[in-house]
Amino acid sequence: MSEVSFFEAVGGEPTFRRLVDRFYEGVADDPLLRPMYPEEDLGPAAERLTLFLMQYWGGPNTYSASRGHPRLRMRHAPFRVGAEERDAWLRHMRDAVDSLELPEPQHTDLWNYLERAAYFMVNTMDAHPGGPAVR
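Residues numbered from 1 in each chain as written. Predicted model: local features only at pLDDT ≥ 70, side-chain atom pairs only at ≥ 80, totals over all residues. Heavy atoms only, no water.

(A) Structural detail: the packing of helix α2 (residues 13-28) against helix α6 (residues 83-100). It is at 8 Å that the axes of α2 and α6 come closest, and there the two elements cross at 140 degrees. One way to sum up the angle between α2 and α6 is to call them oblique. Between α2 and α6 the crossing geometry is right-handed. Note on element contacts: α6 touches α2 through Trp 89, His 92, Met 93, Asp 95, Ala 96, Val 97, Ser 99 and Leu 100, opposite Thr 15, Arg 18, Leu 19, Arg 22, Phe 23, Gly 26 and Val 27. Residues of the contact of α2 with α6, tallied by class, amount to eight nonpolar, four polar and three charged. (Axes fitted to C-alpha atoms, helices over the stretch in contact; angles between N-to-C directions. Helix = DSSP H or I, 4+ residues; strand = E, 2+ residues; numbered from the N terminus. Parallel < 35°, antiparallel > 145°, perpendicular 65-115°, else oblique. Left-handed = near helix turned anticlockwise from the far one by under 90°. Contact = heavy atoms within 4.5 Å. Nonpolar A, V, L, I, M, F, W, Y, C, P; charged D, E, K, R; others polar.)

(B) How the structure looks around the pattern of salt bridges. A complete count under the given rule lists six salt bridges for this structure. Here Glu 47 and Arg 17 are joined by a salt bridge, their closest N and O atoms 2.7 Å apart. In this pair, Glu 47 sits in helix α3 (residues 43-56) while Arg 17 sits in helix α2, placing the two residues 30 residues apart along the sequence. For Glu 47, a relative accessible area of 32% corresponds to the partly exposed category. Accessibility expressed as a relative area gives 26% for Arg 17, which makes it partly exposed. (Salt bridge = Lys/Arg side-chain N within 4 Å of Asp/Glu carboxyl O. Buried < 20%, exposed > 50% of the residue type's maximum accessible area, 1.4 Å probe, protein only.)

What follows is the structure, encoded as structure tokens:
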């Protein structure tokens, strides 16, 4: 008997596409985050995030097959990611996660991962050193 992956349990690719589309709707109009995306069209960034999240949660390995190891900190190193940027990213991602109306524990599992990832990406000294609050 095989265990269902998180990817399958939440509805697969359509769910992750909805998550990322909603997230980038917020980013598109965010004066702090939008300049961090040098491409005029946010579509390629959305596609990369979608593929990464799908792979991370047990979906196809398309991300690694096309881009190699994620190396998230390295890929984000050229951008200043401080507490303000992290919090703005989390604000849009919270809206996106909540919009999915996932059941528990999937909602909490997804949010907790994204929150940890956001704190991990901070690369300036102005961020709160303690990381995310323990819940």
